[in-house]
Amino acid sequence: MTSDTRPDEDGAAAPPARERPPGERVALRADLRSALPDATAAVVVTALVFAFLWARMESGASDTVAVMPFMDDAGTYWMYLLSQAFGWSGLLWAWGTVMFGLLLSGPRPDRLPVSRRVLERWHRTTSLTTMALMFAHALMFAAELVRYETKVDWAERLWVGFADTFVPGWYDSGTGRIAIPLGQGALYLAIPLGLLFYVRHRIGANTWRRLHRFVIVVYVLSVWHTLLYGTNVWYGEWPRTVLWLLQLPVAVLLLLRLLRPARRAERLGSAGGRGGAARSGWWLRAAGRVAAAAVVVGLVAVVVSGRDGGRDRPDQPPATAPHTQETD
């Protein structure tokens, strides 16, 4: 959602304050170095979340244990807890990078605590950190599945862990049949969409901008995956409501970005006097604004009504394992 120095599609040049110096090209290696402090902060946050989840499991207050009582052993299921911790920090970083992107591509506030250049760099580095956290989340989930499959040899255990985690449609247990493909879709879209920025000089700025808009799809899939499969927000209680509430500023910024885009070529204007293709684009942009407004209204309704799709906490929790272990 960052800007580019190329002229707008209607021929109008972008405002000078938003241009990069001619010939300047951001290198991936430079951003990886810049991302080190951000990645360090993400590791610290992940460690704190992991410690919190461990303490709750040890105290008997874990919602994960309420959903899956057989996991009432932090020492055994520590890789699953670490996967959850990476997932939560990844979602937090995804929230941050999407917010930065929407601030950059929509109407700018009158006052920002940092310059636009710094905000762009934060958007890029948090995006790289988010991709790493998403991959770590999936990797630790696969590692837990490998540990769990004790009735087969190591080669098959590795295959089961890999396939259940990374092959769409392979995982066949419960809610995971839907939730895991959603998470896989988010991961497999996030990596190319995030890295395309560094080759935009090869594919063209306009092509990159069109593709980069699908980053919001990555975020929606990530939140959807969490709401379906995150045992810490499984029940219809305050943690799930807070997760819904955090989506409200994203939806509001998205609506503002669509109503008042920074690039002149994306402004709605009038549909009259346009050609067929231009008129179709106008209606598509108009539909996007209506959809974003409906999402804002829907999120407010969810938070106010408390009907957030959470399950009722059962008196007798289920005692099922994630799936039947493979046997020879």
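What counts as what
- Residues numbered from 1 in each chain as written.
- Predicted model: local features only at pLDDT ≥ 70, side-chain atom pairs only at ≥ 80, totals over all residues.
- Heavy atoms only, no water.
- Helix = DSSP H or I, 4+ residues; strand = E, 2+ residues; numbered from the N terminus.
- Contact = heavy atoms within 4.5 Å.
- Areas by Shrake-Rupley, 256 points an atom, 1.4 Å probe, with all protein chains shown as cover.
- Axes fitted to C-alpha atoms, helices over the stretch in contact; angles between N-to-C directions.
- Parallel < 35°, antiparallel > 145°, perpendicular 65-115°, else oblique.
- Left-handed = near helix turned anticlockwise from the far one by under 90°.
- Nonpolar A, V, L, I, M, F, W, Y, C, P; charged D, E, K, R; others polar.
- pLDDT = per-residue confidence, 0-100.
- Phe/Tyr/Trp six-rings, centres within 6.5 Å; stacked < 30°, edge-to-face > 60°.
- Buried < 20%, exposed > 50% of the residue type's maximum accessible area, 1.4 Å probe, protein only.
- Lys NZ or Arg CZ within 6 Å of the ring centre and 35° of its normal.
- Patch = residues over 30% accessible without salt bridge, like charges linked within 9 Å, V, L, I, M, F, W, Y side chains within 5 Å.
- Salt bridge = Lys/Arg side-chain N within 4 Å of Asp/Glu carboxyl O.
- Core = buried A, V, L, I, M, F, W, Y, C linked by side-chain atoms within 4.5 Å.

A short note on the overall build of the protein
When you go through the protein residue by residue, the secondary structure sums to eleven helices and zero strands. Across the protein, every contact between residues at least 6 apart in sequence was considered, and the portion connecting residues at least 24 apart equals 74%. Total accessible area computed for the protein in this model is approximately 17,000 Å², and 65% of it derives from carbon and sulfur atoms.

A word on the packing of helix α1 (residues 28-59) against helix α4 (residues 116-148)
Close contact between α1 and α4 brings their axes to 8 Å; oriented N to C, the two are set at 60 degrees. Classified by the angle their axes make, α1 and α4 are oblique. Note on packing geometry: the crossing formed by α1 with α4 is right-handed. In contact with Leu28, Asp31, Leu32, Ser34, Ala35, Asp38, Ala39, Ala42 and Thr46 of α1, α4 contributes Arg121, Arg124, Thr125, Thr126, Leu128, Thr129 and Leu133. Here the contact of α1 with α4 is composed, by residue class, of seven nonpolar, five polar and four charged.

Notes on the confidence of the model for the protein
On average, residues of the protein carry a pLDDT of 84, and 84% of them reach 70 or more. Here residues 1-23 scores under 50 on pLDDT; set against residues more than four positions off or in separate chains, the count is 54 contacts.

Quick word on the packing of aromatic side chains
Going through the model one piece at a time under the given rule, you end up with eleven aromatic pairs. Aromatic pair Trp159 and Trp170: ring centres 5.3 Å apart, planes at 80 degrees, arrangement edge-to-face. Here the residue Trp159 occupies a position in helix α5 (residues 154-166), and Trp170 occupies one in the loop between α5 and α6 (176-195), the gap between them amounting to eleven residues. A relative accessible area of 41% places Trp159 in the partly exposed class. Residues Phe162 and Phe166 carry aromatic rings whose centres are separated by 5.5 Å and whose planes lie at 35 degrees to one another, so their mutual orientation is tilted. Of this pair, Phe162 and Phe166 both sit in helix α5, four residues apart, which is roughly one turn of the helix. Note on Phe162: relative accessible area 43%, which makes it partly exposed. Residue classification places Phe166 among the buried residues on the basis of a relative accessible area of 13%. Among the aromatic side chains, those forming a connected cluster through ring pairs are Phe135, Trp159, Phe162, Phe166 and Trp170. Cation over ring: Arg311 sits above Trp234, and NZ or CZ is 3.7 Å from the ring centre.

A closer look at a nonpolar patch on the surface
A grouping of Leu189, Val199, Ile203, Leu211, Phe214 and Val217 is seen on the molecular surface, where their side chains present a nonpolar patch of about 420 Å² in accessible area. Mapped onto the elements, Val199 comes out in the loop between α6 and α7 (200-203).

Re the nonpolar core
Formed by 18 residues in total, the largest nonpolar core has its most connected members in Met134 and Val218. Those elements that provide at least two residues to this core are α4, α6 and α9 (215-229). Look past the residues within four positions of Val218 in its chain and what remains in contact with it is Met134, Ala186, Leu189, Ala190 and Leu193. Judged by nonpolar contacts, the second largest core, of 14 residues, contains Tyr77, Phe141, Ala179 and Ile180.

Digging into the environment of Ile191
Along the chain, the position of Ile191 falls in helix α6. A sequence separation of 63 residues divides Ile191 from Leu128, and the C-alpha atoms of the two residues are 8.6 Å apart.

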